[in-house]
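Okay, here's what each chain looks like letter by letter:
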Amino acid sequence: MKLKDQFRFILQNMKKNKIRVFMTVLATAMGCAFLIVLASVAFGLHDSVLKDTMESREINEIEIAGYEDDNGTYRSINDEDIARFEEMENVRTVTRAKVVGQEITASLGDDYEGTISASSTYFPAELEAGARLAEGRLPESSNEVVIGHHFIPLLTPSNENTEDLWDEQGFVKEELRYNEAIIGETITLELKKIEDGEESTGQFEVTVTGVMEQPSREWMWDQKVYISEDLLGEMEAFTGTPRADLYDPSDEENEGLIADGYNSVIVVAANLESVQGISDQLKDQNYLTYSIVNEMKQVNMLFTIAKAGLIFIGTIAILIASIGIYNTMTMAVTERAPDIGIMKAIGASPKVIKRIFLLESSYIGLIGAAIGIVAAYIISILVNIGLPLILEAVFEEELPAGLMFSYIPFSLVVIAIVICLTVTILSGFRPAKRATEIDVLKAMRREV
Amino acid sequence: MIDVNQLTHHFTLGKKGNQTKLSVLENISFHVSAGEIVTIVGRSGSGKSTLLNLISGFIRPTQGEIIIEDQKVSNFDESEFAHFRLNHMGFIFQNFQLIPSMTAFQNIELPLILKGMGETARKETALAMLKKVGLEGFGEHYPSELSGGQQQRVSIARALVLEPPLILADEPTGSLDSETEEDLLQFIQQLNKELGITFLIITHDDEVARIGHRTISLADGKIVESGVFS
């Protein structure tokens, strides 16, 4: 018996009991749609997290926290290490900074001041890594600096009541901010030092030549002052400590307290694919590394577990629908027992009978899956449009741009079809076997 | 054509632990030649229907062998017998055994579908068969829309459509009036003459038994007489 004829045969049989078949298809479609929509939440959120991460500069970066030899002795990264990193394959650049080891009071004339941090920065590497100036130019001499994007909004007016200074975001209110051109202005940086137990202050006057661009993430604040290595040298000479840290260098107990070297080193890979390779190489060479790619592995693992869990829960819905298919097929076998008996009598083999019933249950499963997929896509679109509106209305807070609550990739559709077909074929298996076991004589006597 | 050797069959009755054996056929042996019409007669319970069901492969013999067209069918499994039935046997039943949800045409077409014949050839063959049994124009009628005689003709057309060398008939006139019965018997004789089809007919009707070239008489599961019906 040809497949085409078997198919025609089952369509003819299904037409005999349209409502029962429709209800079974509906149950299967609902189960399938439930599975897809449920899993699409994990797929959607995973996709949003991945997209958000991939768009940021940090995805290509590997932070180097230091070097730890086989005996567990730690040291900071030095220029020799930097040179080694720069020679590695697929390394675009290596940014490095020495952060001044104490809080600095910055004053703009007599009217504005703020507590900031400062770090010496190798600007060519920063620019190569993607940092851009919002305005101005890079420093050319030791007393020139670039300020962070949030330096001005965090600079407080000296004569204002501190309670009324801040806006909702934590910045100085717009009307109270320094609102004149900053490029070319002189800032006084005040540092402390401890000498023979006595604390004193020193001032360094610098000129602002540029303002950094806003950081890639909204929640990141950059109020730093980016100073030259020469100026850091002057500050170290003033305090007598590496990175101008605040401790008494004459005290023997503090000897070797702060190691010389960079305390922020980032290796920037040429592309995303090479991040893992570079990270592995550095780890093999005993460097302490961290990259988002490593973290993404864990995130991916978590989402994979979540997806599998949700697909499993969705499968339960299809299993419940399969009870309906089992019932429908059992009824079909019982109703058609005389016909099956006649077919067997005139020469239909048990294999053909079994195939017809399995094909029928698969067909129900396939139609159910097809309707379920269409329904799931519609629900997914509605969720992505409607849910943000509802959440924004309820919580009065704007959701992150590009956040997707539900995403149905092709792989999820394939998984749903495979699960749906497997479950429906299995549920049709027992009735199909029963059909092959029907006794010809009993069936023709209408005794089944 | 058919060789039945030392065929014995008994049914097991009752539940496990309390079973009894009911002997239906005892050491039956006979031969049917190709092109013969053989009728099997006997009272109710004589074992004639059981004999036909054993030859058809609907039940398995307790003992003995059945050889049809040089193939020992009594050793066949269910699938092999189904395949054999499709290719070598046609069936005419007392109650016609047509599928009620199928039209006369579709019922006749069914063996051709099972055989895997193409749609065009199938249509031509089934229509020719409808014409042959005098039901041209009745193809789209459902069995419930046909008379008993017409239904039996559809049943015969279905049995003949694959041109089997052997047709087994179980009380073929049992549900027909005397006029239709006569028509049918004439038709069977005509098919036998024209196509050389072998018929093995079970009946308790003398009129039917008379068309046989030979009649086998059964009583209590044994052959008591064999020869020309008188």
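Residues numbered from 1 in each chain as written. Chains lettered and ligands numbered in written order. Predicted model: local features only at pLDDT ≥ 70, side-chain atom pairs only at ≥ 80, totals over all residues. Heavy atoms only, no water.

### Describing a negative patch on the surface
Residues and elements named next belong to chain A. On the surface, a cluster of negative charge is contributed by Asp 79, Glu 80, Glu 229, Asp 230, Glu 234 and Asp 260. Taken together, the elements giving at least two residues each to the negative patch come down to helix H3 (79–87) and helix H5 (229–239). The biggest single contributor to the negative patch is H5, with 3 residues. Checked against the element boundaries, Asp 260 lands in the loop between H5 and strand S13 (264–269). (Patch = residues over 30% accessible without salt bridge, like charges linked within 9 Å, V, L, I, M, F, W, Y side chains within 5 Å. Areas by Shrake-Rupley, 256 points an atom, 1.4 Å probe, with all protein chains shown as cover. Salt bridge = Lys/Arg side-chain N within 4 Å of Asp/Glu carboxyl O. Lys, Arg positive; Asp, Glu negative; His and termini not counted. Charge placed at Lys NZ, Arg CZ, Asp CG, Glu CD. Helix = DSSP H or I, 4+ residues; strand = E, 2+ residues; numbered from the N terminus.)

### Some details on the environment of Ala 369 of chain A
You can see Ala 369 of chain A is positioned in helix H9 (residues 350–395). Note: C-alpha distance between Ala 369 of chain A and Met 30 of chain A (339 residues apart in sequence) is 8.7 Å.

### Looking at the domain arrangement of chain A
Assigned domains within chain A: domain 1 (3–55 + 299–444) and domain 2 (91–269). Distance from the C-alpha centre of domain 1 of chain A to the C-alpha centre of domain 2 of chain A: 61 Å. (Domains from an automatic or database assignment.)

### Some details on the interface of chain A and chain B
How big an interface is tends to be expressed through the accessible area that disappears when the partners come together. Listed as interface residues are 24 residues of chain A and, on the opposing side, 28 residues of chain B. Between chain A and chain B, a total of about 2,200 Å² is buried, with carbon and sulfur atoms accounting for 59% of that surface. Connecting chain A to chain B are 4 salt bridges. In this structure, Glu 119 of chain B and Lys 4 of chain A form a salt bridge, with 3.1 Å as the shortest nitrogen-oxygen distance. Summed over the shared surface of chain A and chain B, the result is 9 residue pairs in polar contact (both at pLDDT 80 or more). Put simply, the parts of the chain that give the side of chain A that touches chain B at least two residues each are helix H1 (3–16), helix H8 (337–345), H9 and helix H11 (440–444) of chain A. Considering every element that reaches the side of chain A that touches chain B, the biggest residue donor is H1 of chain A, with 6 residues. Among the residues forming the side of chain A that touches chain B, the class breakdown is 12 nonpolar, 4 polar and 8 charged. (Contact = heavy atoms within 4.5 Å. Buried area = accessible area lost by both parts, 1.4 Å probe. Polar contact = N/O pair within 3.5 Å; in protein donor to acceptor, adjacent residues only side chain to side chain. Nonpolar A, V, L, I, M, F, W, Y, C, P; charged D, E, K, R; others polar.)

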